[in-house]
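Listed below are the residues making up each chain.
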Amino acid sequence: MYDRWQSALVENIQKLTIKIHPKTRANRQYQCGTEIRRLDDCITDYDILIIDYFATGAALAIFSDKPVIYIDIGLRKLNPDFDAALRKRCMCGAVDLTEPLSEQIVSIVEKFNTDADRSNIGLEKFALCSSES
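Computed from a prediction, not measured in an experiment: that's the story for all the values here. (Residues numbered from 1 in each chain as written. Predicted model: local features only at pLDDT ≥ 70, side-chain atom pairs only at ≥ 80, totals over all residues. Heavy atoms only, no water.)

Notes on the sheet that holds strand 5 (residues 91–94)
Hydrogen bonds along the backbone pair up the strands of a sheet, which may run parallel or antiparallel.
Here is step 1 of the chain: The parallel open sheet is built from three strands, whose spatial order is 3-4-5. What marks the edges here is a single partner per strand, and that holds for strand 3 (49–51) and strand 5. With direction set aside, neighbouring strand axes in the sheet form an average angle of 20 degrees.
Here is step 2 of the chain: Relative to strand 5, strand 4 (residues 68–72) is paired through four bridges, and the arrangement is parallel. The residue bridging Tyr 70 from the neighbouring strand is Cys 92, located in strand 5. (Pairing = 2+ DSSP bridges. Helix = DSSP H or I, 4+ residues; strand = E, 2+ residues; numbered from the N terminus. Axes fitted to C-alpha atoms, helices over the stretch in contact; angles between N-to-C directions.)

Spelled out as structure tokens, the structure:
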């Protein structure tokens, strides 16, 4: 299912580069650019970041100064407070992986092109700890 999702992204977003997870064992070929460096080392080389799953890379993306599109593909249920802050930080859209993907992707990307600027200022309570431990 995830391969079909990634293939749809490649088909519908021009100049896409897929960031390969550093621990991946898959040897998949993509019809677009791929990035194998750690996100910390390459994030400044990209204009817009698209995330679809919350892990370390997504945290780096949302705390960066880069525009971020978050496409919810239903893999994680987020805390309601974090979800609200995320929607202020990112241009968000959801897709149904059981439905045709192209129209859903195009709709989200078109909305991003007209969406207002966003800031990561509202995420401070998710980044800073009140204790020194």
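Digging into the nonpolar core
Here is step 1 of the chain: If you look at the biggest cluster of nonpolar residues, it comprises 19 residues, and the most contacted ones within it are Trp 5, Leu 9, Ile 71, Val 95 and Ile 105.
Here is step 2 of the chain: Those elements giving two or more residues to this core turn out to be helix 1 (2–12), strand 4 and helix 5 (102–114).
Here is step 3 of the chain: A total of four residues in this core trace back to one element, the largest contributor, which is helix 1.
Here is step 4 of the chain: Every residue in contact with Leu 9, bar those within four places of it in the chain, is listed here: Leu 16, Ile 71 and Ile 105.
Here is step 5 of the chain: Counting 18 residues, the second largest nonpolar core, distinct from the first, contains Leu 39, Ile 51, Ile 62 and Val 68. (Core = buried A, V, L, I, M, F, W, Y, C linked by side-chain atoms within 4.5 Å. Buried < 20%, exposed > 50% of the residue type's maximum accessible area, 1.4 Å probe, protein only. Contact = heavy atoms within 4.5 Å.)

A look at the pairing of strand 4
Here is step 1 of the chain: Taken across its five residues, strand 4 has four buried, putting it largely inside the fold.
Here is step 2 of the chain: Inspection of the sheet shows strand 3 paired to strand 4 by three bridges, in the parallel sense. Counted as the bridge partner of Ile 51 is Tyr 70 from strand 4.
Here is step 3 of the chain: For the segment spanning strand 3, helix 3 (residues 56–62) and strand 4, crossover handedness is right-handed.
Here is step 4 of the chain: Chirality of the crossover, the property in question, places the unit of strand 4, helix 4 (residues 80–89) and strand 5 among those that are right-handed. (Right-handed = clockwise from strand over helix to strand, strands pointing away.)

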